[in-house]
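Okay, here's what each chain looks like letter by letter:
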Amino acid sequence: MNDTKNKIKEYWNERSSTFDLSPGHVIINRNEGAAWKSLLQEKIGLNAKKVIDIGAGTGFLSIMLAEMGYEVVGLDLSEEMMERAKKKAMVRGVKVEFKQGDAENLPFETGSFDALVNRAVLWTLPNPKKAIAEWRRVLKPGGKLCFFLHEPHPDGVSDRARRYFGNIFILVTERRNPWNSLYDGNKLGVDLPFRGGVEPSVITKLLEDSGLKNVSAEPMMKIARLKRNNLPLFNKITASKHVQYCYTAVNPK
Ligand SMILES: C[S@@+](CC[C@H](N)C(=O)[O-])C[C@H]1O[C@@H](n2cnc3c(N)ncnc32)[C@H](O)[C@@H]1O
């Protein structure tokens, strides 16, 4: 593993203890969970069996998919994030196979999976184009790709104020300094092309250029609304308004 990937892995190992404290990272009520499951079922379909969740983290998608009856492999760079996911899967009584690996260099045979999913991962990869080529490689012909990613962070005065107060809240509740992240400034030492979020047109072009078909990008307004309605008041005020998109594509036969 190269130096950049090691730094990223160490960051997430440390971050694992606070990751699920953010209401944005977990399901906070039943309606939201039901909406996620219905979206995943619509995008992946009922015929898919083997699904891989790339950058599975603490298991947000992996565990939901296992509950829906899919055979799930969760892959992540960070052992500590996956330890959390394993414990959560056990508590929920579902089976997920977790494996350490790199999203840009997958340890699987070509054509291994019926579907590949991920959430909030492409922004932290140094080479998104390589990652997408890998994701396509491990999909069976006709296999479905479905992932979730935010548009660029807005940066107006009110957005910066909201972020500032949100960070103070994190400092107090999580005892973590969000101003001192590996992803701030040039600490990582390499460019992450999608670090601040990305325009949907950039992603759809990348997917089309990689040879994937039926490419689509949908803003996830319903889930965002459900999430926002159920947030505690302070999180509601400080939550960023940038939209998360659901991207889908098919590996041609
Ligand atoms: C923002 S978290 C998202 C976690 C999870 N997908 C979710 O939505 O809750 C990003 C995850 O990507 C993982 N990650 C970062 N770079 C990776 C890479 N090159 N290969 C695999 N996983 C990676 C991190 O360890 C972390 O668990």
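Up top is the structure these notes are about.
The notes below deal with the structure included here. What you see is a predicted model; the values in this text were computed from it and never measured.

The rules behind these values
Here the residue numbering is sequential within each chain, running from 1 through the sequence in written order. Two thresholds apply to this predicted model, a pLDDT of at least 70 for residue-level local features and 80 or more for giving and counting side-chain atom pairs, whereas whole-chain, interface and lining totals are computed over all residues. Processing note: side-chain calculations cover all non-hydrogen atoms of the structure and skip hydrogens and water entirely. Put simply, DSSP marks the helices as runs of H or I at least four residues long and the strands as runs of E at least two long, and each gets a number from the N terminus on. The globule rule is 2.2 Å times the number of residues to the power 0.38, and the radius of gyration it is compared with is taken over C-alpha atoms. Note on classification: 1.4 Å probe, protein chains only; a residue is buried when its accessible area is under 20% of the maximum for its type, exposed when over 50%, partly exposed between these limits. Working rule for contacts: check all heavy atoms of both residues, and any pair within 4.5 Å makes them a contact. By nonpolar core is meant a set of buried Ala, Val, Leu, Ile, Met, Phe, Trp, Tyr and Cys residues that side-chain atoms within 4.5 Å join together. Here, any two strands with at least 2 DSSP bridges between them count as paired. Only the stretch in contact is used when fitting a helix axis, every axis being a line fitted to C-alpha atoms; angles between N-to-C directions are given from 0 to 180 degrees. Using a grid of 1 Å spacing that covers the protein atoms alone, one calls a set of points a cavity when a 1.4 Å probe fits there but cannot get out, and a pocket when the set is open and has protein on both sides within 12 Å along at least five of seven lines; lining residues are those with an atom within 4 Å of a point. Grid points are joined across faces, edges and corners, and a volume is the space filled by probe spheres set on the points. Three residue categories are used. Nonpolar comprises Ala, Val, Leu, Ile, Met, Phe, Trp, Tyr, Cys and Pro, charged comprises Asp, Glu, Lys and Arg, and polar comprises the others, including Gly. Aromatic rings from Phe, Tyr and Trp, with only the six-membered ring used for Trp, were paired whenever their centres fell within 6.5 Å, and each pair was classed as stacked if the ring planes differed by under 30 degrees, edge-to-face if by over 60, and tilted otherwise. Charge-over-ring placement is defined geometrically: NZ (Lys) or CZ (Arg) within 6 Å of the ring centre, and within 35 degrees of the ring normal.

## What to know about the overall build of the chain
Counting secondary structure elements, the chain contains 9 helices and 7 strands. Whereas a compact globule of 253 residues would reach a radius of gyration of roughly 18 Å, the chain reaches 17 Å, a difference of no more than 12%. Projected onto its principal axes, the C-alpha coordinates of the chain cover approximately 50 × 40 × 35 Å. Classification of the 253 residues of the chain by burial places 51% in the buried group. Within the chain, contacts between residues separated by at least 24 positions form 76% of all contacts whose residues are at least 6 apart in sequence.

## Quick notes on the nonpolar core
Core analysis: the biggest nonpolar cluster contains 42 residues, and Leu-122, Trp-135, Leu-145, Phe-147, Ile-203 and Leu-207 have the highest contact counts within it. Mapped by element, the contributors of at least two residues to this core are α1 (3-19), β1 (50-54), β2 (71-76), β4 (113-119), α5 (128-138), β5 (139-150), α7 (200-209) and β7 (244-250). Not counting residues up to four positions away in its chain, the partners in contact with Leu-145 are Leu-116, Trp-135, Leu-139, Leu-207, Leu-212, Tyr-247, Thr-248 and Ala-249. Judged by nonpolar contacts, the second largest core, of 30 residues, contains Leu-40, Phe-60, Ala-89 and Leu-226.

## Here we look at the sheet that holds β4
Taken in spatial order, the 7 strands of this open sheet run β3-β2-β1-β4-β5-β7-β6, and their pairing is mixed. Each edge of the sheet is formed by a strand with only one pairing partner; in this case those strands are β3 (96-100) and β6 (213-219). For this sheet the average axis-to-axis angle between neighbouring strands, irrespective of direction, equals 15 degrees. Two strands pair when backbone bridges link them, and β1 and β2 are joined in this way by 5 bridges, in the parallel orientation. Along β2, the bridge assignment pairs Lys-50 with Glu-71.

## Looking at the layout of surface pockets
By volume, the second largest pocket is sized at about 280 Å³. Partitioned by chemical class, the residues of the lining of the second largest pocket number 3 nonpolar, 5 polar and 5 charged.

## Quick word on the pairing of β5
Direction of pairing for β4 relative to β5: parallel, over a ladder of 6 bridges. Within the sheet, the bridge partner assigned to Leu-116 lies in β5 and is Leu-145. Both β5 and β7 contribute to a ladder of 7 bridges, which runs antiparallel. Across the sheet, Phe-147 pairs through a bridge with Tyr-247, a residue of β7.

## Regarding the packing of aromatic side chains
The full count for this structure, using the stated rule, is 12 aromatic pairs. Ring centres 6.2 Å apart and planes at 50 degrees place the aromatic pair Trp-12 and Tyr-183 in the tilted group. Within this pair, whereas Trp-12 is found in helix α1, its partner Tyr-183 is found in the loop between α6 (157-173) and α7, the two being separated by 171 residues in sequence. Overall, Trp-12 belongs to the buried group, its relative accessible area being 15%. Residues Phe-108 and Phe-113 carry aromatic rings whose centres are separated by 5.1 Å and whose planes lie at 90 degrees to one another, so their mutual orientation is edge-to-face. A single burial state applies to Phe-108 and to Phe-113, both of which are buried. Linked through ring pairs, Tyr-11, Trp-12, Phe-19, Trp-123 and Tyr-183 together constitute an aromatic cluster. For Arg-119, the ring lying beneath its charged end belongs to Phe-60, and the centroid distance is 3.5 Å.

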